[in-house]
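One-letter residues, chain by chain:
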Number of protein chains: 2
Amino acid sequence: MARIALDASGGDHAPVEPVAGALEAAQNLPESCEIVLVGSRAEIESELAKHGPTPSRISIVDAPQKIAMDEKPLTAIRSKRKSSIVVGLDLQKSGEVEAFVSAGNTGAVMAASTLSLGLHNGVRRPAIATVLPTMRQHVLLLDAGANVDCSPKELVGFAQLGAVFARDVFERPDPVVGLLNIGEEAEKGNAATKEAHGLFTDNQHFAFAGNVEGGDVLTGSCDVVVCDGFVGNIVLKLLESVGRTFTAMFRKSLDAKVLESGEMRGIFKFLDYSSYGGAPLLGVRGVTIICHGKSSSKAIANALRVALRSVDVCLSQHIHDEFVENGVVA
Amino acid sequence: MARIALDASGGDHAPVEPVAGALEAAQNLPESCEIVLVGSRAEIESELAKHGPTPSRISIVDAPQKIAMDEKPLTAIRSKRKSSIVVGLDLQKSGEVEAFVSAGNTGAVMAASTLSLGLHNGVRRPAIATVLPTMRQHVLLLDAGANVDCSPKELVGFAQLGAVFARDVFERPDPVVGLLNIGEEAEKGNAATKEAHGLFTDNQHFAFAGNVEGGDVLTGSCDVVVCDGFVGNIVLKLLESVGRTFTAMFRKSLDAKVLESGEMRGIFKFLDYSSYGGAPLLGVRGVTIICHGKSSSKAIANALRVALRSVDVCLSQHIHDEFVENGVVA
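Residues numbered from 1 in each chain as written. Chains lettered and ligands numbered in written order. Predicted model: local features only at pLDDT ≥ 70, side-chain atom pairs only at ≥ 80, totals over all residues. Heavy atoms only, no water.

### Some remarks on the overall build of chain A
Then step 1. Each helix and strand in chain A was counted, giving 12 helices and 12 strands.
Then step 2. For 330 residues, the compact-globule formula gives about 20 Å, and the C-alpha radius of gyration of chain A, at 20 Å, lands near that figure.
Then step 3. Dimensions of chain A, computed from C-alpha atoms along their principal axes, come out at roughly 60 × 55 × 35 Å.
Then step 4. In chain A, which comprises 330 residues, the proportion classed as buried is 61%.
Then step 5. When the accessible area of chain A is evaluated, it comes to approximately 12700 Å², of which 50% is carbon and sulfur surface.
Then step 6. One finds the centroid of the 31 positive side-chain charges in chain A at a distance of 4 Å from the centroid of its 39 negative side-chain charges. (Helix = DSSP H or I, 4+ residues; strand = E, 2+ residues; numbered from the N terminus. Rg over C-alpha atoms; globule rule 2.2 N^0.38 Å. Buried < 20%, exposed > 50% of the residue type's maximum accessible area, 1.4 Å probe, protein only. Areas by Shrake-Rupley, 256 points an atom, 1.4 Å probe, with all protein chains shown as cover. Lys, Arg positive; Asp, Glu negative; His and termini not counted. Charge placed at Lys NZ, Arg CZ, Asp CG, Glu CD.)

Here is the structure:
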């Protein structure tokens, strides 16, 4: 049995989309998975009522305070102890749930996760890992925005985190890691990636594909692509906007019959990066899944699925093992 | 009258595509524009012969040596003084041509341009500026890969260079500059962009739109987007690959009739980032246009058009004026 807390007050469309997402997940996830909606009880109950009888595996924990999307993370989590983010992570800390999913203020979710759950020994900084679709297979990009100005050693840590995720969740026993850079040769790049290249080459923890360029991210040639969170966040947001831009362009240019074809629907689905939802915050002692603020119920349901999968495969334990038992590149 | 030197030995498809591009440009550019093909005379003559009589405004300057795409730039330009890159830039230095266009080794073209032409006073580092299509209008992204680990002051310099280009070439008298970052607020970003935000805000040279995110690059909300060359190069190569990936996906998924429609052709044209070809190296005393190594004749012809336009509007003189007469943020 797995219990997952879902932030019902988080995101641009709360509580509507989180509640609908929980109900969608309840239809599709195994019976043993329970979902705890965390937020204003009155609001959640009123929203649930619109959907008819609530499945027994969905419960509510009241968290009357809300952290707005633009609030300063540290101030917010310190002053709002009864917010859905703080309460939801406290539930995980105390063992009442095994995972927390939120489309709320990303900075607050990261800070509260780090403070409440703590980091695994040997993890210098946690990383937001994003799953991107490619023509061949999914690829994991990290860090997608948790950290900037990362040191070469921190980049190695991201690679280790990503490799564990790829083994557990992608089920690829020998994941290959690429270092995002601006040239294939070892001596190319900025100060951090040049030094990181040497550390990646010498590491004993994962297979290193060498430097990969911006044009290689979507080819699916690697299982994991590592970068500083500044670059990763720009890459991720650019891809999301490309999807939106092209979708708008097609809708404007192509006629209805083509737009409604199965092929075109497939393309639109591929382009809808926000629907891939559910970016794990890797490195914390537990499972935190961060969703886009604009998440639809479908994206929330997908994030719940990622959370359940992370719990089922013991992702957090394996990250602990990777850093503590196998030693850290330091 | 403008004379433009074109590197006939540069790029993955030399001399075929450069020669064809010169002929294409000769059909479309004003009569007063002369094109000087620089490279192995024998190879160029043999290639030209395939196309019938050569227009009188195309001439040849022999440069028997070639710099390969993967040679180390500084070593190559020092040891190969009779290479097309060195000879072509020397022609510009001596005033025999006013611009140089190359699809060859980018590092070698940058280094030779900087050494041969020099930088305008006040320019700390030159920048590769790339024109990107958006849903609204073209946007200039710089630096797209000439420099990494840029200081905040260097980012200000890129903004000034970009603003002059936007005035001269885009014909937008009051260009708006955005700083590529991972959040809209002034305090967001890495160390360089946080400090740059203050310098951009205080500057008297260009209108500052504030921070823009990865998702704003293609919306066309700014005329110029400024970033470190590490980030810019990854953005550019990612966009090129997205274009290729999506084009391949459509060709696989849609039926022939749709693929051949005018609308779909328009979309493919939009997605073909390599055809926008012709990225000016801004900041050097003169005009250097850098093309993608994979440039087609169409991309080369387009780059020749950008070169001619840069000469006609006195872009280099205006950059001089911007930095010397108007003073530099320093």
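Next, the rest of the story.
### Here's the deal with the packing of aromatic side chains
Then step 1. This structure, assessed with the given rule, holds six aromatic pairs over all chains.
Then step 2. Seen from their ring centres, Phe-200 of chain B and Phe-206 of chain B are 5.5 Å apart, and the 70° between their planes marks the pair as edge-to-face. Note on accessibility: Phe-200 of chain B and Phe-206 of chain B belong to one class, buried.
Then step 3. Ring-pair connections join several aromatic residues into one group, and the members of that group are Phe-200, Phe-206 and Phe-208 of chain A. (Phe/Tyr/Trp six-rings, centres within 6.5 Å; stacked < 30°, edge-to-face > 60°.)

### Let's talk about the side chain of His-205 of chain A
Residue and element names in this part refer to chain A.
Then step 1. Position of His-205 among the secondary structure elements: in the loop between helix H7 (191-202) and strand S9 (207-212).
Then step 2. On the basis of relative accessibility, which here comes to 16%, the residue His-205 falls in the buried class.
Then step 3. Separated by 3.1 Å, the side chains of His-205 and Glu-322 make a polar contact. (Polar contact = N/O pair within 3.5 Å; in protein donor to acceptor, adjacent residues only side chain to side chain.)

### Some points on the pairing of strand S11 (residues 279-282) of chain B
Within a regular strand, side chains alternate between the sheet's two faces.
Residue and element names in this part refer to chain B.
Then step 1. Side chains of S11 alternate between two faces, with Ala-279 and Leu-281 and Pro-280 and Leu-282 buried alike.
Then step 2. Of the pairings in the sheet, the one linking strand S5 (residues 127-128) to S11 comprises two bridges and is antiparallel in character. Each bridged residue has a counterpart across the sheet, and for Ile-128 the counterpart in S11 is Leu-281.
Then step 3. Looking at chain direction, S11 and strand S12 (residues 288-290) are connected through two bridges and run antiparallel. Each bridged residue has a counterpart across the sheet, and for Ala-279 the counterpart in S12 is Ile-290.
Then step 4. Following S11, the chain reverses through five residues before pairing antiparallel with S12; Gly-283 in that reversal takes a positive phi of roughly 115°. (Pairing = 2+ DSSP bridges.)

### A short note on the relation of the copies chain B and chain A
Then step 1. Rotating chain B by 180° and moving it 0.0 Å along the rotation axis overlays it on chain A with an RMSD of 0.0 Å. This pairing of chains is accounted for by a two-fold axis. Scanning chain B for the C-alpha nearest the rotation axis identifies Val-231 of chain B, at a separation of 3.1 Å.
Then step 2. Same-surface contact between copies: 100% of interface residues of chain B are shared with the interface of chain A. (Least-squares fit on C-alpha atoms with pLDDT ≥ 70 in both. Contact = heavy atoms within 4.5 Å.)

### Remarks on the packing of helix H1 (residues 16-28) of chain A against helix H11 (residues 297-312) of chain A
Helix-helix packing is described using two parameters, namely the angle between the two axes and the distance between the axes.
All names here are of chain A.
Then step 1. At a minimum axis distance of 7 Å, the contact between H1 and H11 shows a crossing angle of 55°. Classified by the angle between their axes, H1 and H11 sit oblique to one another. H11 is crossed by H1, and the crossing has right-handed handedness. Counted together, Glu-17, Pro-18, Ala-20, Gly-21, Ala-22, Glu-24 and Ala-25 of H1 and Ser-297, Lys-298, Ile-300, Ala-301 and Leu-304 of H11 form the full contact between these two elements.
Then step 2. When its residues are assigned to classes, the contact of H1 with H11 shows seven nonpolar, two polar and three charged. (Axes fitted to C-alpha atoms, helices over the stretch in contact; angles between N-to-C directions. Parallel < 35°, antiparallel > 145°, perpendicular 65-115°, else oblique. Left-handed = near helix turned anticlockwise from the far one by under 90°. Nonpolar A, V, L, I, M, F, W, Y, C, P; charged D, E, K, R; others polar.)

### Comments concerning the side chain of His-120 of chain A
All names here are of chain A.
Then step 1. Within the fold, His-120 resides in the loop between helix H5 (106-117) and strand S5 (127-128).
Then step 2. For His-120, a relative accessible area of 6% gives the class buried.
Then step 3. Contacts of His-120, omitting those with residues within four sequence positions, involve Gly-283, Val-284, Arg-285, Gly-286, Ser-316, Ile-319 and His-320.

### Some points on the interface of chain B and chain A
Then step 1. Listed per partner, the contact involves 42 residues of chain B and 42 residues of chain A.
Then step 2. Between chain B and chain A, the buried area comes to about 3900 Å², and carbon and sulfur atoms account for 78% of it.
Then step 3. Together, Ile-182, Phe-230 and Leu-238 of chain B form the three largest contributors to the area buried by chain B at its contact with chain A, with a combined 16%.
Then step 4. In this assembly, chain B and chain A are joined by four salt bridges.
Then step 5. With a closest N to O distance of 2.9 Å, Glu-187 of chain A and Lys-72 of chain B form a salt bridge.
Then step 6. Counting across the chain B and chain A interface gives six residue pairs in polar contact (both at pLDDT 80 or more).
Then step 7. If you list the elements that add at least two residues to the side of chain B that touches chain A, you get helix H7 (191-202), helix H8 (229-253) and helix H10 (262-271) of chain B.
Then step 8. Counting residues per element, the side of chain B that touches chain A draws most heavily on H8 of chain B, which supplies 17 residues.
Then step 9. Considering only residue class, the side of chain B that touches chain A consists of 25 nonpolar, 10 polar and seven charged. (Buried area = accessible area lost by both parts, 1.4 Å probe. Salt bridge = Lys/Arg side-chain N within 4 Å of Asp/Glu carboxyl O.)

### Comments concerning the environment of Met-110 of chain B
Residue and element names in this part refer to chain B.
Then step 1. Relative to the helices and strands, Met-110 is located in helix H5 (residues 106-117).
Then step 2. The class of Met-110 is buried, set by a relative accessible area of 15%.
Then step 3. The spatial distance from the C-alpha of Met-110 to the C-alpha of Ala-146 is 7.5 Å, given a sequence separation of 36 residues.
Then step 4. Leave out the neighbours within four places in its chain, and Met-110 touches Ile-128, Ala-146, Leu-281 and Ile-290.

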